[in-house]
Amino acid sequence: AQAPGDDLLQVLLESLHDGVLVYDDQLRILRANHAAIEILGLGEDGRQLSGHSADQLRWDQVHEDGSPLQLHERPVWQALHQQERVHARIIGVDAKGPRGGQRRWLSVNASPVMLTAPHAGRGVVASFADITDQVKALRALRESEQLFRLFSDHTQDVVWIHAPARRAYLFV
């Protein structure tokens, strides 16, 4: 039997562009919206998330530098055990689902919550946005800037960049 408001809650969750996962106090997934399943590349396997932990689903999580994210560094763990909100933490996730295998970069928010029946107790709501394209664009920009610096530092010619609209030299 559904509790009053469950239909409205489901409509709300499914209308969001960001992924949402609701965890219990053992960090088992209680609910996932469609965006979460899509972002993590889980396809039909995403319907089976309920009751599983991220470790059981083999989601490798990494820092921005690619080093492994230890359990106590994960936003969901921190929200549950430190009872503090985590805002806009950037992590990489390698989901091993049928459409996984490609690292996705996420901006994660996690908040501790008190759950009501049938899962009464502490829990966590995590929301996340896929920022993979932005991360790739930023890396490409950094590489381009490094290449430009390398060129300009080693040429014997004078190099400058002038912005007429600002009436300023941006680089000499």
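A few words on the overall build of the chain. Along the chain, the regular secondary structure elements total four helices and eight strands. The secondary structure elements of the chain, listed N-terminal to C-terminal, are α-β-β-α-β-α-β-β-β-α-β-β. In summary, the chain has a C-alpha radius of gyration of 21 Å against a globular reference of 16 Å for 172 residues, an excess of more than 25%. Seen through its C-alpha atoms, the chain measures out along the principal axes to roughly 75 × 35 × 35 Å. Here the chain holds 172 residues, and 33% of them are scored as buried. For the chain, restricting intrachain contacts to residue pairs at least 6 apart in sequence, the fraction spanning at least 24 positions comes to 46%. Summed over all atoms, the accessible surface of the chain reaches about 11,300 Å², with 53% contributed by carbon and sulfur. Mean positive and mean negative side-chain charge positions of the chain (18 and 22 charges, respectively) differ by 3 Å.

Scanning the entire structure with this criterion turns up three salt bridges. Taking the shortest distance from any N to any O, the salt bridge between Asp24 and Arg28 comes out at 2.8 Å. Owing to a relative accessible area of 7%, Asp24 belongs among the buried residues under this scheme. The partly exposed category is assigned to Arg28, whose relative accessible area is 37%. Note that Asp94 and Arg103 form a salt bridge whose closest N and O atoms lie 2.9 Å from each other.

Next up on the list: the nonpolar core. The tendency in soluble globular proteins is for nonpolar side chains to be buried as a group. Ranked by size, the top nonpolar core spans 26 residues in total, and within it Leu21, Tyr23, Leu40, Trp59, Leu106, Val124 and Phe128 carry the most contacts. Only strand S1 (19-23), helix H2 (34-39), helix H3 (75-82), strand S4 (86-94), strand S5 (104-115) and strand S6 (121-130) provide two or more residues apiece to this core.

This next bit is on H3. Turning to H3, its buried residues number three or more, namely Pro75, Val76, Gln78, Ala79 and Leu80. Residues of H3 that are buried sit in contact with S1, S4, S5 and S6. Positioned one or two residues after H3, Gln83 has a phi angle of 50°, which is positive.

About the criteria used
Residues numbered from 1 in each chain as written. Predicted model: local features only at pLDDT ≥ 70, side-chain atom pairs only at ≥ 80, totals over all residues. Heavy atoms only, no water. Helix = DSSP H or I, 4+ residues; strand = E, 2+ residues; numbered from the N terminus. Rg over C-alpha atoms; globule rule 2.2 N^0.38 Å. Buried < 20%, exposed > 50% of the residue type's maximum accessible area, 1.4 Å probe, protein only. Contact = heavy atoms within 4.5 Å. Areas by Shrake-Rupley, 256 points an atom, 1.4 Å probe, with all protein chains shown as cover. Lys, Arg positive; Asp, Glu negative; His and termini not counted. Charge placed at Lys NZ, Arg CZ, Asp CG, Glu CD. Salt bridge = Lys/Arg side-chain N within 4 Å of Asp/Glu carboxyl O. Core = buried A, V, L, I, M, F, W, Y, C linked by side-chain atoms within 4.5 Å.

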